[in-house]
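Listed here are the chains, written in short residue letters.
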Amino acid sequence: MQPLPHDFLTKIARDYELSPEQEEAFVARFSRQGNVDAIAESLHISPNAFRTRMSHVYKKFSFGGNSPNKARRLHDWLIKNYQASNPSSTPQTSTHEVEIDTLVQEIRQKIKPSIQKDCGTMKVLDMTQPIGLKDIYTKVNILEKVIGRRRLAINELIQGCNLDAESFDRLGFGNVKEERIPGLEAVQKYDKLMVLGKPGAGKTTFLKYLAIQCAKSKILTDKVPIFITLKQFAETQSQPSLTTYINQIFDNCNVTEVQVAAFLKHGSGLILLDGLDEVREEDADRVLTQIQAFTEDYDANTFVITCRIAAREYTFEKFTDVEVDDFDDKQIRTFATKWFQAKQLDLADYFIEQLEDNKPIKELASNPLLLTLLCIEFEDSGEFPANRAELYSRAIQTLLRKWDAKRRIEREQVYKKLSVQRKEDLLSEVAFVTFERGEYLFKQRKIEQYIADYIRNLPDAKTDPDALLLDSEAVLKSIESQHGLLVERARGIYSFSHLTFQEYFTTREIVAKSDIALLVSKITEKRWREVFLLTAGRMRNADELVQQMKQKIDELVASDEKLQRFLVWVNQKSLSVEVPYKPSDVRAFYFALSPVRSRDLSLAFDFDRFFDLARDLSLDFHLYVSLDLSRDLSLDLSRDFAHDLDSTLSLSRDLSRDLDSELKQSLQQLQDQLPSQKENDQEQLNKWWQVNGKVWTEQLRTVMIQHRHIGYNWQFSNSQKQLLHLYYDANKLLVDCLNSDCYISQEVRQEIEDTLLLPLAEIEKHKSHAN
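Residues numbered from 1 in each chain as written. Predicted model: local features only at pLDDT ≥ 70, side-chain atom pairs only at ≥ 80, totals over all residues. Heavy atoms only, no water.

(A) Geometry of the environment of A211. Inspection of the secondary structure assignment puts A211 in helix α11 (residues 203–215). With a relative accessible area of 0%, A211 lands in the buried category. Along the chain, A211 and I271 lie 60 residues apart, while their C-alpha atoms are 9.0 Å from each other. Beyond its immediate sequence surroundings of up to four residues, A211 is in contact with I115, C119, P225, F227 and L272. (Helix = DSSP H or I, 4+ residues; strand = E, 2+ residues; numbered from the N terminus. Buried < 20%, exposed > 50% of the residue type's maximum accessible area, 1.4 Å probe, protein only. Contact = heavy atoms within 4.5 Å.)

(B) Highlighting the sheet that holds strand β6 (residues 224–229). Read across the open sheet, the seven strands follow the order β4-β3-β9-β5-β8-β7-β6; overall the sheet is mixed. Two strands bound the open sheet, and with one partner strand each, they are β4 (180–182) and β6. Across the sheet, the axes of successive neighbouring strands diverge by a mean angle of 30 degrees, strand direction being ignored. Strand direction decides the pairing type here: β6 and strand β7 (residues 269–274), joined by six bridges, are parallel. Looking at the pairing, F227 lines up with L272 of β7. In the packing of α11 onto the sheet, the strands contacted are β5 (192–197), β6, β7, β8 (302–308) and β9 (320–324), and the crossing angle to β7 comes to about 155 degrees. (Pairing = 2+ DSSP bridges. Axes fitted to C-alpha atoms, helices over the stretch in contact; angles between N-to-C directions.)

(C) Structural detail: the confidence of the model for the chain. Mean pLDDT over the chain works out to 84, with 84% of the residues at or above the 70 mark. This model gives residues 93–98 a pLDDT under 50, and the stretch forms eight contacts once residues within four places in sequence are excluded. The low-confidence segment residues 604–613 (pLDDT under 50) makes 17 contacts with residues lying over four places distant or belonging to another chain. (pLDDT = per-residue confidence, 0-100.)

(D) Structural detail: the packing of helix α2 (residues 20–31) against helix α5 (residues 70–85). Two elements in contact, α2 and α5, have axes separated by 11 Å at closest approach and are oriented at 80 degrees. By the angle class used here, α2 and α5 are roughly perpendicular. Contacts between α2 and α5 pair F26, R29 and F30 from the former with A71, L74, H75 and L78 from the latter. Grouping the amino acids of the contact of α2 with α5 by side-chain chemistry returns five nonpolar, one polar and one charged. (Parallel < 35°, antiparallel > 145°, perpendicular 65-115°, else oblique. Nonpolar A, V, L, I, M, F, W, Y, C, P; charged D, E, K, R; others polar.)

(E) Broad picture of the packing of helix α21 (residues 420–436) against helix α24 (residues 499–513). Running from amino to carboxyl end, α21 crosses α24 at an angle of 100 degrees, the nearest separation of the two axes being 7 Å. In terms of orientation, α21 lies roughly perpendicular with respect to α24. Contact with α21, carried on its side by Q421, E424, D425, L427, S428, E429, A431, F432, T434 and F435, involves L499, Q502, E503, F505, T506, R508, E509 and I510 of α24 and no other residues of that element.

(F) Representation of the pattern of salt bridges in the model. In the structure shown here, the tally under the stated rule is 39 salt bridges. One salt bridge connects K11 with D15, and the closest N-O pair in it is separated by 3.1 Å. One end of the pair, K11, and the other, D15, are both in helix α1 (residues 6–15), four residues apart, so they sit about a helical turn from each other. Accessibility expressed as a relative area gives 54% for K11, which makes it exposed. As a salt-bridge pair, E488 and K477 come within 3.5 Å of each other at their nearest N and O atoms. Here E488 is found in strand β11 (residues 486–490), whereas its partner K477 is found in helix α23 (residues 465–483), with 11 residues between them in sequence. Looking at K477, the relative accessible area reads 25%, which means it is partly exposed. Taken together, the shared-partner salt bridges in this structure form one network comprising K231, E235, R280, E282, D283 and R286. (Salt bridge = Lys/Arg side-chain N within 4 Å of Asp/Glu carboxyl O.)

(G) Fine view of the sheet that holds β11. Across the sheet, three strands lie side by side as β10-β12-β11; this open sheet has antiparallel pairing. The open sheet has two edge strands, β10 (442–443) and β11, and neither has a second partner. Examined bridge by bridge, β10 and strand β12 (residues 493–496) share two bridges and lie antiparallel to one another. Residue pairing across strands places K443 opposite I493, the latter belonging to β12.

(H) Molecular detail of helix α7 (residues 100–119). Helix geometry: α7 is bent most strongly at I111, by close to 45 degrees, with proline P113 lying one to four residues after it. Those residues of α7 not exposed but buried are I100, L103, V104, I107, R108, I111, I115 and C119. (Bend = angle between axes of the 7 residues up to and from the residue.)

(I) Looking closely at the nonpolar core. One finds M549 and F566 to be the most contacted residues of the largest nonpolar core, which totals 71 residues. In terms of residue count, the dominant contributor to this core is helix α35 (residues 718–739) (nine residues). The next biggest cluster of nonpolar side chains, apart from the first, holds 69 residues, and it includes I100, A186, I226 and I271. (Core = buried A, V, L, I, M, F, W, Y, C linked by side-chain atoms within 4.5 Å.)

(J) Spatial organisation of unusual backbone geometry. We note that N254 has phi near 65 degrees; this positive angle belongs to a residue other than glycine. Following the sequence through the fold, N254 ends up in the loop between α13 (242–251) and α14 (257–265). The phi angle at Q344 is positive, at roughly 55 degrees, despite the residue not being glycine. Here Q344 shows up in the loop between α16 (329–342) and α17 (348–357). You can call Q344 exposed: its relative accessible area is 73%.

(K) A look at the side chain of E488. Residue class for E488 comes out buried when judged on its relative accessible area of 16%. Polar contacts involving the side chain of E488 include one to the main-chain amide nitrogen of G492, which spans 2.8 Å. (Polar contact = N/O pair within 3.5 Å; in protein donor to acceptor, adjacent residues only side chain to side chain.)

(L) Spotlight on the pairing of β12. Judged from the four bridges that link them, β11 and β12 form a sheet pairing that is antiparallel. Across the sheet, the residue bridging to E488 is Y494, located in β12. Between β11 and β12, which follow one another and run antiparallel, lie two residues, and G492 among them has a positive phi close to 80 degrees.

Okay, structure coming up:
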């Protein structure tokens, strides 16, 4: 800032009735150049005492409160007053002040190579070589309201998420309904920004992007970027001040201290301070003091600090706290496309396709670090590992160990006896208890109690309940800030960062306790599906699990005579057709064609290929379609339905040509009864169907029963239909476990396949023959 005459400042001070101490600080501040520490030293007072005096001065001039750039604004006001009272005299302007824009451009050119070297590449996790930041950078979004500070109740958080047992919507769980803005817009909107984020959220990458783009004059063209890793600053042996450290950075780029002081005093600096949470505990207070002093001395500049959420409480009064948002689908696709293009691999579209087919894996992709892990895993083999439990284990190890270890960051051990292994055991216990109760969101006090109950059994643990709760709070905060496996969704309300992790740790606890019976008792609950699959994958031998699943599934319908008769028909019908497929596949086909399943064929096999080879089954399929269409037509009298029905009957008749001449003739007669589709008379069609539709439908059913032994009207009650749904879905889960990457003996696998979807009597026969 331009220095002003001593006499002018003294007169202003007395006009505004400043105290002698305030006048001394005021005159010294605006009559000379230099930072606050130097001015305070010249007055023989501490920097804090000088700042206290100046805060009172600003209030006298109505520049108090939290308004930013108070020194700059007061200086501008003083300049105007001086020029108004001395029109023929203008304060001496330095060459650097007049040519500040030119100076900024020159300095940017000098530091560009250094910025590119420090910020231009990234190498994380198990990457064998660095990758260019420009090649993969994906624009981040910023939440202007920190999620964990919202005052919401659990029921308010659950709204909009399908977390009930019947309609379990995984991807709605972590969605945040808060306003967000692009990261660059946030930097332009707030000149002092504290960017918070979960581990691996992309905070450092964002700051590096800002530094490079600013150095290249592509953004914030009136600023000089200064990128500082706070861990490196804190661990510099000489423990320099932040000003000295910055001067050393620029000295290596042939920029003088005078030039640095010039652009900083003018407010032309973009100061990027990365990783406040990474500073060691013993260095934290010193670093905080340095940052506070520097931002006070040079408050006209733009500052961005990054820090993990839930780290130590840092208070920077002038800073606006924001949070890095998770990646959305568009950002995931952008990152993946850039990643595989940089690797010269044509895998991006297939990667996204596989993500969409694996919802639990897709959840992890919202975190940039875990998305990077997924890309690394995928590029090795062109697909995700068959055993998802192994993939999740690697993701968790990344957050628990690798991410900090790769960057040589040592975190404070909040609870010395809580090793990484113990943390996994603790999280497994918490996950199991909460998941079994259907709790995906839980109050802080409750989870702290879970933690206290765990750590009280560790060697030399405290026994005082209050002390245990204090320790449990510290453990909770460390797991949140250091690993990001638990997150605060609103003030005092926590969850696992991803539902996938809660399921994984639940599985881990089940395997550790060998509590298969409890798991099998949940076989009809949709939300346990992923836990079943993960458990099968984690077990050394899954024979006992799948055998107990099969027994539980058969028990579901064992006591209902009508359902048993239905399974008898499914079995008999499957035996009556000659097709090159396993009997269990054919049983699944006919089960799926029942009115209860509405042609959900997912339990069986590749039906396009199947229909090409199996005319019998294709005919039955199209006859069932005809029957369904005729029932639908009774409810929706539309010409399109009638046309579809006519076409399906024609196809069925053609398929029956080589099988049964009587069937062909019967189908032709049924088709002939339908009103001609050439007559565009919707009213006539409606009248015909209202009179003849019910009889015609029953005639079709009679033909199907007589010639194909299908189409029976089972007249299941609602409870029986629901039970058949549960039975079918449970069998589908069992087949998925068999087809997953788990170890099951050939004998057990064959036994289950042979008895799948059989009535109880046939299962008993099979067992007696086996013995």
